[in-house]
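Read off the chains here:
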Amino acid sequence: MFVLGLPFLALLVASVDSHPGLLGPKNVSQKDAEFERTYVDEVNSELVNIYTFNHTVTRNRTEGVRVSVNVLNKQKGAPLLFVVRQKEAVVSFQVPLILRGLFQRKYLYQKVERTLCQPPTKNESEVQFFYVDVSTLSPVNTTYQLQVSRMDNFMLRTGEYFSFNTTAAQPQYFKYEFPEGVDSVIVKVTSNKAFPCSVISIQDVLRKDFPSNSFYVVVVVKTEDQACGGSLPFYPFGEDEPVDQGHRQKTLSVLVSRAVTSEAYVGGMLFCLGIFLSFYLLTILLACWENWRQRKKTLLVTMDRACPESGHPRVLADSFPGSSPYEGYNYGSFENCSGSTEGLVDSMDTGDLSCSYQGHDQFKRRLPFGQMRQLCIAMDRSLDPVGTRPRLDSMSSVEEDDYDTLTDIESDKNVIRTKQYLYVADLARKDKRILRKKYQIYFWNIATIAVFYALPVVQLVITYQTVVNVTGNQDICYYNFLCAHPLGNLSAFNNILSNLGYILLGLLFLLIILQREINHNRALLRNDLYALECGIPKHFGLFYAMGTALMMEGLLSACYHVCPNYTNFQFDTSFMYMIAGLCMLKLYQKRHPDINASAYSAYACLAIVIFFSVVGVVFGKGNMAFWIVFSVIHIIATLLLSIQLYYMGRWKLDSGVGRRILHVLYTDCIRQCSGPLYTDRMVLLVMGNIINWSLAAYGLIMRPNDFASYLLAIGICNLLLYFAFYIIMKLRSGERIKLIPLLCIICTSVVWGFALFFFFQGLSTWQKTPAESREHNRDCILLDFFDDHDIWHFLSSIAMFGSFLVLLTLDDDLDTVQRDKIYVF
């Protein structure tokens, strides 16, 4: 076999001799080199230069070595290849170095630097060698500079700033080893200028005994600034030539500091729990005080002298704060009533009464309190006639449609709801059990929505967090990195913990509503006059829905802050829309219990709002067509809702609506110039249309990037407008605001002001690039654990809870006023 192979071997040798340089250079120049010395040499395809370096490695000391290369010849041909051979690794790179950018742009770098990490040793000290080989395929000589130096600042120290320069071809490497007893640190890299764009990477030190209790900090400048929100440089697309970026260099500083201790985590959790559990304690104290006050009031009433005519206890006008009969009777008032008090308990059953209703008398204001005549009501405490009344206590199945399908009831509705002056008794005619079931659906529907909405959200954000932990890509989620404290697999535990207030205060509100409902049901069971025929009708379904929505807002906000980005933002705002909508519905329900929207239609409208929110976030950015369509829908919906509210639902959207509109315009504006029949409602609706049309115009012109917040602003503006109108009309109608709701209004307004201040600090924003978002990051400001946005969570949860209490207690002054004397507005 050896003899047979000889002809082939001879042929191979002859081929190599006929093509010199094909398999490698003929000359190899090897020299001993020194650190901190600059070597200027030449190399070509016939020559390879090898530099030998040796240095002493100590077991307990880590040093870095920096290799700097600069090619002095600006040639477009074959580059120089540098190979660094170490004991356990080989590093190679070419010069000039060509890096790729967006659209495969080429960027050329003549000067390149690399950092070498020394291999570990088990001995006390060891002399190690490494070699730098320089070669090229260029037939002409190429001049280069080579310098190898030791890095004095390769090891980062806790609490010490270190500044350095870096470029795209000269990345910087640093190593940090955890001190004894420290298992978590914060790496902070800063620069005085935003551009050129740079990337920071934290990399584990790979060893056999991993983890190695240390890590590398790698800093490199990107070839382009687009990732940091900058513009692309000019590039000649017609030529496939690399661009020399010149002096694209950035100065940065790095600081490694200790992370917060476990005591800070415990302190933050105790602080959060302490704040919100104090509301439970305060609620208990107020409940005890209110219970004592009611018992004292009951005792005083029982000691009141009896009416001289009947021998029964009498109720004076002072017992009905803010109420007095009118000089002229309107619909729902009693005139010359005879018989038992059955009519007072049930103003709708007139079979046992000889009461005349005068529904179209001229409206007259109440007399001042000093001129009120005494109202003496003979109250027969016998429960027999009340207990046999089917409307209150019958267990037969009664549906709302049974009433609405009757022709006479429809006619009665048109007569009542189109009166110029309405009272709550006019719009509280439906069976209480029917309305109770109707408004309970609000709670059960939102509870169902919450379950089906929250489960996939939780699963999605867990997936996001897993991806962040596995890949290490910190650009996926927009945290406030200067105050993001991890716990377990969560990257920003403090932002999640601060949402606990929504859940705890939402639960507290549900408990308050439950207690109120229990007290109200007990009053109904004992046929209490005030509970049956006085005050705003008590329906608690919407309140339960509001409390549930507040708890879900806390849960979904926490889910959003697991990994905040633009795809998750809808989770944080969905139940904000619901809260705003439910609050408006509750305000309207107070004096319009019979004609308030059903749960199905209300949630259907809110679903449409959330649908537009998702579409706007995904497609609305800079899309003129979307904004035109949305603005048109916004204006049309505003007009339709205005008509619905103005006519109390007594209008129809059919083929004849245009003819009726023209007829109204002709009779009221052309034939005779008459003012609106319902002036107060008209003022509210005109102001509402002005605000909504202005918001629609703003969206169409400015086209804000954060469509979800813009949509939420529309809901909040309408809620504030309606609430202000309600307060003004309440005071204008001679009613008063009691001490507790007044304190709630004042305190809630102050808390909302501070909350909005912290909200607009803007610690991060997914409307920009991750690098630009980090420019907004700020340090913790509370207990070295919570940032501005956490304080927003604290204050906004308290403000929402206070707002709910305002809605709950706002009309407590009417609890002793008959419903036929409470204005509707």
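Every value quoted in this text rests on a predicted model; they were computed, and no experiment measured them. (Residues numbered from 1 in each chain as written. Predicted model: local features only at pLDDT ≥ 70, side-chain atom pairs only at ≥ 80, totals over all residues. Heavy atoms only, no water.)

Enquirer: Whenever I open this one, the overall build of the chain confuses me. Can you help?
Expert: Across its full length, the chain holds 21 helices and 18 strands. The proportion of buried residues among the 825 residues of the chain is 46%. Pairs at least 24 apart in sequence give 78% of the contacts found in the chain among residues at least 6 apart. In the form shown here, the chain has an accessible surface area of approximately 43200 Å², with 61% of it arising from carbon and sulfur atoms. (Helix = DSSP H or I, 4+ residues; strand = E, 2+ residues; numbered from the N terminus. Buried < 20%, exposed > 50% of the residue type's maximum accessible area, 1.4 Å probe, protein only. Contact = heavy atoms within 4.5 Å. Areas by Shrake-Rupley, 256 points an atom, 1.4 Å probe, with all protein chains shown as cover.)

Enquirer: What am I meant to see in the nonpolar core here?
Expert: Ranked by internal contacts, the top residues of the largest apolar core, which has 116 residues, are Tyr442, Phe509, Phe575 and Leu582. Setting aside chain neighbours within four positions, we find Leu582 in contact with Tyr442, Ile446, Leu542, Ala545, Met546, Ala549 and Tyr603. With 28 residues, the next largest nonpolar core counts Phe82, Tyr109, Leu146 and Ala169 among its residues. (Core = buried A, V, L, I, M, F, W, Y, C linked by side-chain atoms within 4.5 Å.)

Enquirer: Would you take a moment to explain the state of the cysteines for this structure?
Expert: A covalent bond between the sulfur atoms of two cysteines is referred to as a disulfide. Scanning the entire structure with this criterion turns up 2 disulfides. Note that Cys477 is cross-linked by a disulfide to Cys563, the S-S spacing being 1.8 Å. Looking along the S-S bond of the Cys477-Cys563 disulfide, the torsion reads about -90°, which is the left-handed sense. Within this pair, whereas Cys477 is found in the loop between helix H8 (432-471) and helix H9 (493-497), its partner Cys563 is found in the loop between helix H12 (541-562) and helix H13 (569-591), the two being separated by 86 residues in sequence. A relative accessible area of 3% means that Cys477 is categorised as buried. Put simply, Cys483 and Cys780 are joined by a disulfide, and their sulfur atoms are 1.8 Å apart. Between Cys483 and Cys780, the S-S dihedral sits near 105°, and the bridge is therefore right-handed. In this pair, Cys483 sits in the loop between H8 and H9 while Cys780 sits in the loop between helix H20 (770-774) and helix H21 (788-809), placing the two residues 297 residues apart along the sequence. For the pair formed by Cys483 and Cys780, the shared burial category is buried. (Disulfide = S-S within 2.5 Å.)

Enquirer: Is there a simple way to think about the packing of H13 against helix H18 (residues 707-732) in this case?
Expert: In a packed pair of helices, the relevant descriptors are the angle between the two axes and the axis-to-axis distance. Direction vectors running N to C along H13 and H18 enclose 20°, while the axes themselves pass 10 Å from each other. With respect to each other, H13 and H18 are oriented roughly parallel. Here the hand of the crossing between H13 and H18 comes out left-handed. Contact with H13, carried on its side by Phe569, Thr573, Met576, Tyr577, Ala580, Cys583, Met584, Leu587, Tyr588, Lys590 and Arg591, involves Ala708, Ser709, Leu711, Leu712, Gly715, Asn718, Leu719, Tyr722, Phe723, Tyr726 and Lys730 of H18 and no other residues of that element. Residues belonging to the contact of H13 with H18 are distributed by class as follows: 15 nonpolar, 4 polar and 3 charged. (Axes fitted to C-alpha atoms, helices over the stretch in contact; angles between N-to-C directions. Parallel < 35°, antiparallel > 145°, perpendicular 65-115°, else oblique. Left-handed = near helix turned anticlockwise from the far one by under 90°. Nonpolar A, V, L, I, M, F, W, Y, C, P; charged D, E, K, R; others polar.)

Enquirer: Hey, could you run me through the sheet that holds strand S13 (residues 172-177) in this one?
Expert: Sheet strands pair by backbone hydrogen bonding; their relative direction is either parallel or antiparallel. Read across the sheet, 3 strands follow the order S13-S16-S15 without closing on themselves; strand pairing throughout is antiparallel. Lying at the two open borders of the sheet, with one neighbouring strand each, are S13 and strand S15 (198-204). Direction aside, neighbouring strands of the sheet carry axes that sit 20° apart on average. (Pairing = 2+ DSSP bridges.)

Enquirer: Explain the pattern of salt bridges here, please?
Expert: In a structure, side chains of opposite charge can pair up when their charged atoms sit close to one another. With the rule as written, the count across this model stands at 18 salt bridges. Two residues, Glu517 and Arg436, come together in a salt bridge whose shortest N-O distance is 3.9 Å. In this pair, Glu517 is assigned in helix H10 (residues 500-525) and Arg436 in helix H8, connecting sequence segments 81 residues apart. Given the relative accessible area of 12%, Glu517 is considered buried. For Asp811, the salt bridge is made with Arg591, and the minimal N-O distance between the two is 3.1 Å. Within this pair, whereas Asp811 is found in the segment after H21, its partner Arg591 is found in helix H13, the two being separated by 220 residues in sequence. As far as the burial class goes, Asp811 and Arg591 line up, both buried. Taken together, the shared-partner salt bridges connect Lys590, Arg591, Lys730, Glu735, Asp811 and Asp813 into one network. (Salt bridge = Lys/Arg side-chain N within 4 Å of Asp/Glu carboxyl O.)

Enquirer: Honestly, unusual backbone geometry in this entry has me stumped. Any pointers?
Expert: With glycine set apart, most residues show a phi of negative sign, and most peptide bonds adopt trans. Of note, the bond from Val95 into Pro96 is cis; its omega dihedral lies within 30 degrees of zero at 0°. The backbone phi angle of Arg703 is positive, close to 50°, even though this residue is not glycine. For Arg703, the position within the fold is in the loop between helix H17 (679-702) and H18. A relative accessible area of 29% means that Arg703 is categorised as partly exposed. Residues other than glycine seldom take positive phi values, yet Asp784 does so here, at roughly 55°. Among the secondary structure elements, Asp784 is positioned in the loop between H20 and H21.

Enquirer: What am I meant to see in H12 here?
Expert: Between the first and last C-alpha of H12 there are 32 Å, a value that for 22 residues agrees with the 32 Å anticipated at 1.5 Å per step. Counting buried positions over the 22 residues of H12 gives 20, a clear majority of the element. (Expected span 1.5 Å × (residues − 1).)

Enquirer: Sorry if this is basic, but what is going on with the packing of H12 against H21 here?
Expert: Remark: H12 packs on H21, axes separated minimally by 11 Å, with the N-to-C direction vectors making an angle of 170°. Classified by the angle between their axes, H12 and H21 sit roughly antiparallel to one another. Contacts between H12 and H21 involve Phe543, Met546, Gly547, Leu550, Ser557 and His561 from the former and His789, His793, Met800, Phe804, Leu807 and Leu808 from the latter. Each residue belonging to the contact of H12 with H21 can be placed in one class, and the counts come to 7 nonpolar, 5 polar and no charged.

Enquirer: So what exactly am I meant to see when it comes to the sheet that holds strand S9 (residues 111-117) here?
Expert: One open sheet accounts for 4 strands, arranged S2-S11-S4-S9; its pairing is antiparallel. Here the strands that pair on one side only, and so sit at the sheet edges, are strand S2 (38-43) and S9. Geometrically, the sheet is characterised by an average inter-axis angle of 20° between neighbouring strands, direction not taken into account.

Enquirer: For this particular structure, what's the right way to read the environment of Ala425?
Expert: Within the secondary structure, Ala425 sits in the loop between helix H7 (407-417) and H8. In this structure Ala425 comes out as buried when scored by relative accessible area, which is 14%. Along the backbone, Ala425 and His592 are 167 residues apart, and their C-alpha atoms lie at a distance of 9.6 Å. Every residue in contact with Ala425, bar those within four places of it in the chain, is listed here: Arg819 and Asp820.

Enquirer: How should a nonpolar patch on the surface be read in this particular structure?
Expert: Among the surface-exposed residues, Leu282, Leu286, Trp289, Trp292 and Ile740 lie close enough to one another that they form a single nonpolar patch of about 510 Å² accessible area. Considering each element in turn, the nonpolar patch owes the most residues, 4 residues, to helix H2 (residues 262-302). Here Leu282 is to be found in helix H2. Looking at Leu282, the relative accessible area reads 45%, which means it is partly exposed. (Patch = residues over 30% accessible without salt bridge, like charges linked within 9 Å, V, L, I, M, F, W, Y side chains within 5 Å.)

Enquirer: Please explain the packing of aromatic side chains as it appears in this structure.
Expert: In this description, a pair of aromatic rings is defined by centroid distance and the angle of the planes. By the definition in use, this model includes 52 aromatic pairs. Ring centres of Phe154 and Tyr216 lie 6.5 Å apart, and the angle between their planes is 50°; this geometry places the pair in the tilted category. Linking Phe154 in the loop between strand S11 (142-151) and strand S12 (162-166) with Tyr216 in strand S16 (residues 214-221), this pair joins segments that are 62 residues apart in sequence. Residue class for Phe154 comes out buried when judged on its relative accessible area of 1%. (Phe/Tyr/Trp six-rings, centres within 6.5 Å; stacked < 30°, edge-to-face > 60°.)

Enquirer: Help me understand the pairing of strand S10 (residues 125-136) in this model?
Expert: As defined by bridge partners, strand S3 (residues 47-58) adjoins S10 across 10 bridges and the pair is classed as antiparallel. Within S10, the position partnered with Thr56 by the bridge is Val127.

Enquirer: Would you take a moment to explain the side chain of Arg114 for this structure?
Expert: Among the structural elements, Arg114 can be located in strand S9. Separated by 3.1 Å, the side chain of Arg114 and the backbone oxygen of Ala169 make a polar contact. (Polar contact = N/O pair within 3.5 Å; in protein donor to acceptor, adjacent residues only side chain to side chain.)

Enquirer: When you look at the side chain of Asn565 in this model, what are you seeing that I'm missing?
Expert: Inspection of the secondary structure puts Asn565 in the loop between H12 and H13. Overall, Asn565 belongs to the buried group, its relative accessible area being 4%. With sequence-adjacent residues up to four places away left out, Asn565 is seen in contact with Tyr464, Ile476, Tyr478, Tyr560 and Trp766.

Enquirer: Sorry, what's going on with the confidence of the model for the chain here?
Expert: Interpretation of the predicted coordinates at a detailed level should be avoided for regions scoring low in pLDDT. This prediction gives the chain a mean pLDDT of 78; 77% of its residues lie at or above 70. Across residues 1-23, confidence stays below pLDDT 50; counting only partners more than four residues off in sequence or on other chains, it has 4 contacts. Here residues 305-408 is a poorly scored stretch, pLDDT under 50, and it has 185 contacts once near neighbours within four places are set aside; other chains count. (pLDDT = per-residue confidence, 0-100.)

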